[in-house]
Amino acid sequence: MDTQALRQKIIDLAIRGKLVPQDPNDEPAAALLKRIHTEKLQMVKDGKLKAKDIQGDTVIFNGEDNLHYEKFQDGTVKCIENEIPFEIPDGWIWCRGYSCFWGMESKKPDGKFFEYIDIDSIENKRHCVLSPKKILSSQAPSRASRKLKNGCIIFSMVRPYLENIAYIDEQLSTCIASTGFYICNPLPLVDAQYLFLLMTSGYIINGLNQFMKGDNSPSIRQKDIENWLYPIPPLYEQKRIVDFANRSLSLNDDITKRINELKSTISITKAKILDLAIRGKLVPQDQNDEPASVLIERIRSEKEKLIKQGKIKRDKNDSVIYKGDDNSYYANIPKNWSWTSLREITNGFSLNDGDWILSENMDENGSVKLIQLGSVGFMRYVDNGFKHITEAIFEKLSCTPVKPGYMLINRIISNKMCVCILPEIDGKLITTVDTCWISPNAVNYNLKYILYVLSSPQFQSLVKLSAGGNTRKRISKTNLISLPIPFPPLMEQQYIVNVIEKTFSYLDHILKSLT
């Protein structure tokens, strides 16, 4: 279940008059708007408003031809039928922002401290203020000047697609907001909670996004918001909409919470399965299997032959993990398992880094596909497209092709080291220097078993301890291939992989059913 889409659907139905039934006894919104406009004219006469404060007010109505027209303050009338985005029920009206909101007011910090709401104070998933910043008034940012009121809605004009929108209640009404926000102070025509629903709708957010300008901090302008069209129901219907929508959204939020809890449980379960797998506790051992130590010795002998034949060089960092008298290193694995490392079970033909490809080497018309770091997901390949180089550059740089079925390891560490199996992809493939690759070798190891070991919480912890760098953590190939790996007999490796994949498939089916 896509609860975010469901949330938007509820709001979309609400602002189109399809969430609750209309009541013909409700006072039409047009009558209330007319009364408010009369009051505003009186406020101008009384000096409480200036004439410029209402010059943007207009009235949108249906003509005798059933088309929409807009009447301006100077008495002129214009057909705006092509601007009307969707139909609304009888009793509803379309309004510009000028006619929905009071003008914004400024406020300077006073006292020793003040509470400041900046763009990053907003939690944009739940559309709420997380926590205002307490700042010395003497150190107030120049942008701290938007006055807030109980029941207003703040709408970020900077990168509006990020949806930094929030409802201001009485507790937050004494704060000062950044000038990066437009403050929607609703007129009596609009219920504050209905306006909040409206301002968080896809209709408003996507509609205003089209006016963004600028490269570094794309923004919209105040007049973009004030000139936009807003669907306004009768006031009593607004309250019914808010009540029904809030109950529906509360239920949706509860479903979302439970789904997220289930996703977290599934993630934890997968990690536990990997933990059991690499400790020999996922499947029973078969004492008739050839011990892993015999397999490792055979791999070592094959490597010695290649060295003697001059096909590979001896690794100066070669080492052997062995069972000491105290048995300490082997205490946590079954009897016929061994500890090994990628260095010990692979060689330069079966494990290496990708190629060093510079931006000037790339050619969008090239036929060789460069697999990017971002395509190496955690236990899954992510199709992020390709960069390309030509065959000539491939030959010039002596690139090494990678093939479907290879394992790719992203040595740039974020919250974890990502590793995946390369799926079937047409054409010649290479990868980047920060991606380590391992080719399959069914005689020496089960590559999927290695994938699951590298994805296990224990191995990931070792990776983080062995990684270096300040801005971007990276584990060197030397450190990576030296980390210890629990190594079962070859037959048991396949058995472990089968159980993991069957269990993961079941868990993934549960996840898929949620979406």
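Just so you know, these numbers come straight off a predicted model, no measurement behind them.

### A short note on the overall build of the protein
The helix and strand tally for the protein stands at 14 helices and 26 strands. At 32 Å, the protein has a C-alpha radius of gyration far larger than the 24 Å of a compact globule built from 515 residues. Burial status across the protein gives 46% buried among its 515 residues. Excluding contacts between residues fewer than 6 apart, the proportion of contacts in the protein whose partners are at least 24 apart in sequence is 75%.

### Section: the pairing of strand β11 (residues 153–156)
A regular strand places its side chains on the two faces of the sheet in alternate fashion. Every second residue of β11 is oriented toward a common face, with Ile153 and Phe155 on one face and Ile154 and Ser156 on the other, all of them buried. Sheet topology places β11 next to strand β12 (residues 165–167); three bridges connect them, and they run antiparallel. Its bridge partner being in β12, isoleucine 153 is matched across the sheet by tyrosine 167. Relative to strand β14 (residues 181–186), β11 is paired through four bridges, and the arrangement is antiparallel. Its bridge partner being in β14, isoleucine 153 is matched across the sheet by cysteine 184.

### Things to note about the packing of aromatic side chains
The final tally for this structure, using the stated rule, is 12 aromatic pairs. On the basis of an interplanar angle of 80° and a centroid distance of 5.3 Å, the ring pair of phenylalanine 86 and tyrosine 203 is categorised as edge-to-face. On the criterion of sequence distance, the pair formed by phenylalanine 86 in the loop between β3 (77–79) and β4 (93–96) and tyrosine 203 in helix α5 (residues 202–209) is long-range, its members being 117 residues apart. Ring centres of tyrosine 203 and tryptophan 228 lie 5.6 Å apart, and the angle between their planes is 35°; on these two criteria the pair is classed as tilted. Of this pair, tyrosine 203 sits in helix α5 while tryptophan 228 is found in the loop between α6 (222–226) and β15 (229–232), placing the two residues 25 residues apart along the sequence. Tryptophan 228 matches tyrosine 203 in its accessibility class, with the two residues each being buried. Of note, lysine 369 hangs over the ring of phenylalanine 386, and the distance from its end group to the ring centre comes to 5.3 Å.

### Let's talk about unusual backbone geometry
Excluding glycine, most residues fall at negative phi; most peptide bonds, likewise, are trans. One non-glycine residue, histidine 127, adopts positive backbone phi at about 55°. Among the structural elements, histidine 127 can be located in the loop between β7 (122–123) and β8 (128–129). One non-glycine residue with positive phi stands out, namely methionine 379, at about 65°. When you line up the elements, methionine 379 lands in the loop between β18 (368–371) and β19 (386–389). For methionine 379, a relative accessible area of 23% corresponds to the partly exposed category.

### Description of the sheet that holds strand β10 (residues 144–147)
Two orientations exist for strands paired in a sheet by backbone hydrogen bonds: parallel and antiparallel. Here we have four strands laid out as an open sheet, ordered β9-β6-β13-β10, and mixed in their pairing. On the outer flanks of this sheet lie β9 (133–136) and β10, each paired with one strand and no other. The average angle at which neighbouring strand axes cross in this sheet is 50°, direction not considered. As judged from the three bridges shared by β10 and strand β13 (residues 176–178), these two strands associate in the antiparallel manner. Bridged to arginine 146 within β13 is alanine 177.

### Describing a nonpolar patch on the surface
A cluster of nonpolar residues, Val59, Phe61 and Val77, forms a patch on the protein surface that exposes about 220 Å² of accessible area. Exposure remark for valine 77: the relative accessible area of 45% places this residue in the partly exposed category.

### So, the side chain of serine 99
Structurally, serine 99 can be placed in helix α3 (residues 97–100). Looking at serine 99, the relative accessible area reads 3%, which means it is buried. The contacts of serine 99, once residues within four sequence positions are left out, are Leu33, Asp57, Thr58, Leu187 and Leu189.

### Digging into the environment of phenylalanine 459
Among the secondary structure elements, phenylalanine 459 is positioned in helix α12 (residues 457–466). Exposure remark for phenylalanine 459: the relative accessible area of 2% places this residue in the buried category. Residues phenylalanine 459 and glutamine 8 lie 451 residues apart in sequence; the distance between their C-alpha atoms is 41 Å. Discounting residues that sit within four places of it in the chain, phenylalanine 459 has contacts with Met417, Val453, Leu454, Leu480, Leu483, Pro484 and Ile485.

### Focus: the nonpolar core
Ranked by size, the top nonpolar core spans 49 residues in total, and within it Tyr230 and Ile232 carry the most contacts. For this core, the leading source of residues is helix α4 (residues 192–199), giving six residues. Not counting residues within four places of it along the chain, the set of residues in contact with isoleucine 232 comprises Ala29, Trp92, Ile93, Cys95, Cys100, Leu189, Val190, Tyr194, Leu198 and Gln238. Core analysis: the next-biggest nonpolar cluster, separate from the first, contains 45 residues, Ile413, Tyr452, Val453 and Phe504 among them.

Thresholds, definitions, all that
Residues numbered from 1 in each chain as written. Predicted model: local features only at pLDDT ≥ 70, side-chain atom pairs only at ≥ 80, totals over all residues. Heavy atoms only, no water. Helix = DSSP H or I, 4+ residues; strand = E, 2+ residues; numbered from the N terminus. Rg over C-alpha atoms; globule rule 2.2 N^0.38 Å. Buried < 20%, exposed > 50% of the residue type's maximum accessible area, 1.4 Å probe, protein only. Contact = heavy atoms within 4.5 Å. Pairing = 2+ DSSP bridges. Phe/Tyr/Trp six-rings, centres within 6.5 Å; stacked < 30°, edge-to-face > 60°. Lys NZ or Arg CZ within 6 Å of the ring centre and 35° of its normal. Axes fitted to C-alpha atoms, helices over the stretch in contact; angles between N-to-C directions. Patch = residues over 30% accessible without salt bridge, like charges linked within 9 Å, V, L, I, M, F, W, Y side chains within 5 Å. Areas by Shrake-Rupley, 256 points an atom, 1.4 Å probe, with all protein chains shown as cover. Salt bridge = Lys/Arg side-chain N within 4 Å of Asp/Glu carboxyl O. Core = buried A, V, L, I, M, F, W, Y, C linked by side-chain atoms within 4.5 Å.

Just distances and angles here, no functional claims.
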